[in-house]
Amino acid sequence: MNNYIKEETGVFKSVCPLDCPDQCGLLLHKEDGRIVRVDGDPEHPVTRGAICNKVRNMTERIYDAKRLRTPLKRVGPKGAGLFEPIGWDEAIGTITAHWKELIADKGAEAILPYSFYGNMGRLGTEGMDRRFFNKLGSSRLLYTICQIAGTEGYKATMGGSVGIDPEDTVHSQLIIMWGINAVSTNMHQIMLAEKARKNGAKIIAIDVHHNRTGKWADWFIPLRPGTDAALALGMMHVLFAEAMVDEAFLEAYTIGSEELREHVKAYDPVTVAGITGVPADDICKLARIYGSTPASFIRIGNGLQHHDNGGMAIRTVSCLPALTGAWQHKGGGAIKSNSGHVQHNTRALQRPDLRERPTRQINMNLLGSALLELEQPIHSLFVYNCNPALVAPNANKVREGLLREDLFTVVHDLFLTETAMYADIVLPATSSFENTDLYLSYWHHVVQIQEPVIAPYGESKSNVELFRLLARSMGFAEEAFRDTEADMIRQTLDNESNPNLEGITYEVLADEKFRKASVKPLFPGRLATPSGRIELYSSSLKTRGLPPLPTYIPLPDEGAMFRFIPAPNHNFLNSTFSNNDKHVRMEKQPKLIMNKEDAARLGITDGDYVRVWNSRGACELAASVGADVLPGVVVSQGLWADDANGGKALVNSLTPDREADMGGGATFFSGQVNVERLDRQPERTA
Ligand SMILES: Nc1nc2c(c(=O)[nH]1)N[C@H]1C(S)=C(S)[C@@H](COP(=O)(O)OP(=O)(O)OC[C@H]3O[C@@H](n4cnc5c(=O)[nH]c(N)nc54)[C@H](O)[C@@H]3O)O[C@H]1N2
Ligand SMILES: Nc1nc2c(c(=O)[nH]1)N[C@H]1C(S)=C(S)[C@@H](COP(=O)(O)OP(=O)(O)OC[C@H]3O[C@@H](n4cnc5c(=O)[nH]c(N)nc54)[C@H](O)[C@@H]3O)O[C@H]1N2
Ligand code: SF4
Ligand SMILES: [Mo]
């Protein structure tokens, strides 16, 4: 094992830990024991030395004066933010004493862990923590907040999270960015697309917002929220009607093409134009460009699946490359997620065998209801790698739940987040640069290791170390709780069922820092669907009570004025950086982007403050009036910290906690809101 902490000065290879597909290789420049500069690693095969501005400014976050240094205990009313420092022994002792009593009294299911990928290191997000909660027998969390509906939808068509190698997209002749704001959320896909563009590729963006990616594309196609499946079906209608499908590919690699051919007759361009708002001529033009370009590539984003019909939307879009046989051509096909290619050994990492009996599962998108409405209540919540008071849907309900006097809440984080404000005990977390961890991207195929470059900040501890301490204090005797990080990486990479990881070991990574998995093209080949083929008709969806063929299902109508899309922004990563001054300055101010016709009707001019509300909550934002969204649609960007606009920028107070059609996914973008002009200004502007 390397010991970089001892080296006061130097340049060290590292990994970006954030929940971003690019998972860049980094170079950390260290002087006198402190990181002074963060650069991209030019040797990384995919990210090649380029990184985003957020992470270039990462030192602002890891050395932010607001970072937690010691454990804290609450000394005031819940949510008031009054805390006192305590030692680690007291903190761990208090937590486990409370839990032992709770387990004896109510059973371990009264405890709920709540986490996500605030740091993508596998050992910290699905390692020692999962082992601990499995052994404890707590309620289990369903990790549904991000990509699950789309993952399920894509799986119905393609059998798993597998697409093409993004490095091949330099050979694409047509690139469609579908519901992805890649300029902000997947910048290296843009860099690869730029190379393809130099070779003559055309770039199309399909979105509800003329965002940075739409402005960069050659052709931006705006459509109404939640109507993507209809647009894709309209394209299929034209492809079949004009004989632009690859019959040989359909015959060899798909099932259900005859049923689909019949089914899409109902989705003629005029009908689809009425649903999507995309003119019929444009639907035909799009289908013809797609149908006449062999190496066409669709980068499928997360935007279109954060809807009630999101699973089916992704399932439908992911059928398109099969119709034209795009998968056979270098640079042709699609990427939704590539995590299936680097599938690690989750059983060895998470040790589900430590769980003695089956326990209830709680959908993380329904945290508010879980805290307020369960017949067998949650009495203790343990939050790490996640900031649900800001990021979870229906956030006012979440906060109401967090206020419960009889809820014992622990939060492990680098900062006193909005969620930590409600905690009984707060524990300081190390940053990823202080830990050893394993990184597997969900976009490229490069497997990477992080080894500690700097010493833990203050008294902070990594997730792995924290759960080791908790296990010891609970008296858990299993070897699994004494494994070192190196042991855990070895176990995780040892996955007999995934030959792509062959040759990638802890030793190789410690020595080389990254190694690319050896992933073969999908075709010719057998998929992991029940039939082994691309399933244009899916019997398994039918068994689950869903339409077996790709189908457009309209979004529910909540009866308010506008469809509201609270999307991510450029300079934050979810809520990460929303509390770091430099990043807030770069992002300026929380806004509501609206169409000029709607604004005129409501007497709103650019820069006015507006109140945005529905039955779940209200926000105050600055109107940005123009033509970047269709009438009837409003968009906000970023998950702003509570101190923005005097605490009135909580967009998730407006979002629905309904479950999407597949996997219990989130429906952040399917809500509706009303908007009115405010005479006063918010109390404070970021
Ligand atoms: N800078 C930055 N990068 C990030 C993140 C961040 O917060 N900031 N978050 C990270 C995470 S966790 C994720 S999951 C990814 C998400 O990144 P993306 O995959 O890009 O997904 P989103 O940004 O959620 O949504 C993309 C776009 O979908 C559009 N959209 C909304 N509804 C619809 C619809 O019905 N149809 C279509 N076609 N478009 C629609 C929105 O306008 C939005 O611009 O980005 C990761 N990278
Ligand atoms: N309105 C709206 N809401 C959304 C979305 C949206 O597009 N619109 N996107 C959704 C999506 S796709 C996602 S993925 C979620 C993400 O939401 P979250 O999972 O909450 O992600 P982050 O906000 O990045 O931050 C997580 C927290 O983890 C902490 N953290 C970082 N590293 C560590 C560590 O090593 N240990 C511990 N203990 N903590 C650490 C950070 O300091 C931060 O406070 O948000 C969702 N919420
Ligand atoms: S956030 Fe994404 S683009 Fe930025 S450095 Fe990290 S992995 Fe790279
Ligand atoms: Mo996400």
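About the thresholds
Residues numbered from 1 in each chain as written. Chains lettered and ligands numbered in written order. Predicted model: local features only at pLDDT ≥ 70, side-chain atom pairs only at ≥ 80, totals over all residues. Heavy atoms only, no water. Near = heavy atom within 4 Å. Nonpolar A, V, L, I, M, F, W, Y, C, P; charged D, E, K, R; others polar. Helix = DSSP H or I, 4+ residues; strand = E, 2+ residues; numbered from the N terminus. Polar contact = N/O pair within 3.5 Å; in protein donor to acceptor, adjacent residues only side chain to side chain. Contact = heavy atoms within 4.5 Å. Pairing = 2+ DSSP bridges. Axes fitted to C-alpha atoms, helices over the stretch in contact; angles between N-to-C directions. Domains from an automatic or database assignment. Buried area = accessible area lost by both parts, 1.4 Å probe. Parallel < 35°, antiparallel > 145°, perpendicular 65-115°, else oblique. Left-handed = near helix turned anticlockwise from the far one by under 90°. Core = buried A, V, L, I, M, F, W, Y, C linked by side-chain atoms within 4.5 Å. Buried < 20%, exposed > 50% of the residue type's maximum accessible area, 1.4 Å probe, protein only. Arc of directions from axis to C-beta. Areas by Shrake-Rupley, 256 points an atom, 1.4 Å probe, with all protein chains shown as cover.

A. Local environment of the site of ligand 3. Surveying the vicinity of ligand 3 reveals the residues Cys16, Cys20, Asp22, Gln23, Cys24, Ile51, Cys52, Lys54, Val55 and Met187. Looking at the shell around ligand 3 residue by residue, the class counts come to seven nonpolar, one polar and two charged.

B. Just the side chain of Asn595, in detail. The residue Asn595 is located in strand β23 (residues 591-595) in this model. Within the structure, Asn595 has its side chain in polar contact with the backbone oxygen of Val629 (distance 2.8 Å). Look past the residues within four positions of Asn595 in its chain and what remains in contact with it is Val625, Gly626, Ala627, Val629, Leu630 and Pro631.

C. The sheet that holds strand β10 (residues 219-222), seen in detail. As summarised here, the arrangement of the five strands in space is β10-β9-β8-β12-β13, forming an open sheet in which the pairing is parallel. Two strands lie at the open edges of the sheet, namely β10 and β13 (333-335), each paired on one side alone. The sheet shows a mean angle of 15° between the axes of neighbouring strands, taken without regard to direction. Relative to strand β9 (residues 202-207), strand β8 (residues 174-178) is paired through five bridges, and the arrangement is parallel. Each residue of the ladder has a partner; that of Ile176, found in β9, is Ile204. Sheet contacts for helix α14 (residues 280-291): β8, β9, β10 and β12 (296-300); angle to β10, the most-contacted strand, approximately 130°.

D. Main features of the domain arrangement of the protein. By domain assignment, the protein separates into domain 1 (72-85 + 97-144 + 342-438 + 457-499), domain 2 (163-337 + 531-543) and domain 3 (562-677). Each of domain 1 and domain 3 has a C-alpha centre, and these two points are 29 Å apart. Across the contact, 18 residues belong to domain 1 and 22 residues belong to domain 3. Summing the contributions of domain 1 and of domain 3, the shared interface buries around 1,500 Å²; its carbon and sulfur component is 49%.

E. Structural view of the sheet that holds strand β18 (residues 437-440). In spatial order, the strands read β18-β19-β20; together these three strands make up an open sheet with antiparallel pairing. Whereas interior strands pair on both sides, the edge strands pair on one side only; in this sheet they are β18 and β20 (514-516). Adjacent strand axes in the sheet meet at a mean angle of 15° when their direction is disregarded. Pairing analysis gives four bridges linking β18 to strand β19 (residues 446-450), with the strands arranged antiparallel. For Leu438, the partnering residue across the bridge sits in β19 and is Ile449.

F. Region of the structure containing the packing of helix α10 (residues 228-241) against helix α15 (residues 310-317). Between α10 and α15, the shortest axis-to-axis distance is 8 Å and the interhelical angle comes to 25°. In terms of axis orientation, α10 runs roughly parallel to α15. Classified by chirality, the crossing of α15 by α10 is left-handed. Only Met312, Ala313, Thr316 and Val317 of α15 make contact with α10, whose side of the interface consists of Ala229, Ala232, Leu233 and Met236. Here the contact of α10 with α15 is composed, by residue class, of seven nonpolar, one polar and no charged.

G. Representation of the nonpolar core. Ranked by size, the top nonpolar core spans 170 residues in total, and within it Val55, Tyr114, Trp178 and Trp327 carry the most contacts. In terms of residue count, α10 provides more of this core than any other element does, ten residues in total. Counting 47 residues, the second largest nonpolar core, distinct from the first, contains Leu123, Phe467, Phe476 and Ala517.

H. Region of interest: helix α13 (residues 269-276). Turning to α13, its buried residues number three or more, namely Pro269, Val272, Ala273 and Thr276. Within α13, the buried residues cover an arc of 105° as seen down the axis, which keeps them to one side. Seen from the open side of α13, the exposed residues pointing more than 90 degrees away from its buried face are Val270 and Gly274. At the C-terminal side of α13, Gly277 shows a positive phi close to 85°.

I. Local environment of the pairing of strand β3 (residues 34-40). Where strand β2 (residues 25-31) lies against β3, six bridges are found, and the strand directions are antiparallel. Counterpart to Leu26 in the pairing with β3 is Gly40.

J. Spatial organisation of helix α6 (residues 148-158). Of all eleven residues in α6, nine are buried; the element is thus mostly enclosed. Listed as buried for α6 are Ile148, Ala149, Gly150, Thr151, Gly153, Tyr154, Ala156, Thr157 and Met158. Contacts made by the buried residues of α6 are with β12, α15, β13, β21 (534-535) and α24 (539-543). Once α6 finishes, Gly159 follows within two positions and takes phi at roughly 90°, a positive value.

K. Region of the structure containing the site of ligand 1. Taken together, 31 residues are adjacent to ligand 1, and Asp207, Gly226, Asp228, Phe572 and Asn574 come closest. For ligand 1, an oxygen atom lies 2.8 Å from a polar atom in the side chain of Thr185. Between ligand 1 and Asn574, the relevant distance is 2.7 Å, taken from an oxygen atom to a main-chain nitrogen or oxygen of the residue. Relative to its free-state accessible area of 900 Å², ligand 1 is covered by the protein chains to the extent of 96%. Of all the secondary structure elements, the ones that give two or more residues to the shell around ligand 1 are α7 (182-185) and β9. Mapping the shell around ligand 1 onto the domain boundaries places at least three of its residues in each of domain 2 (163-337 + 531-543) and domain 3 (562-677).

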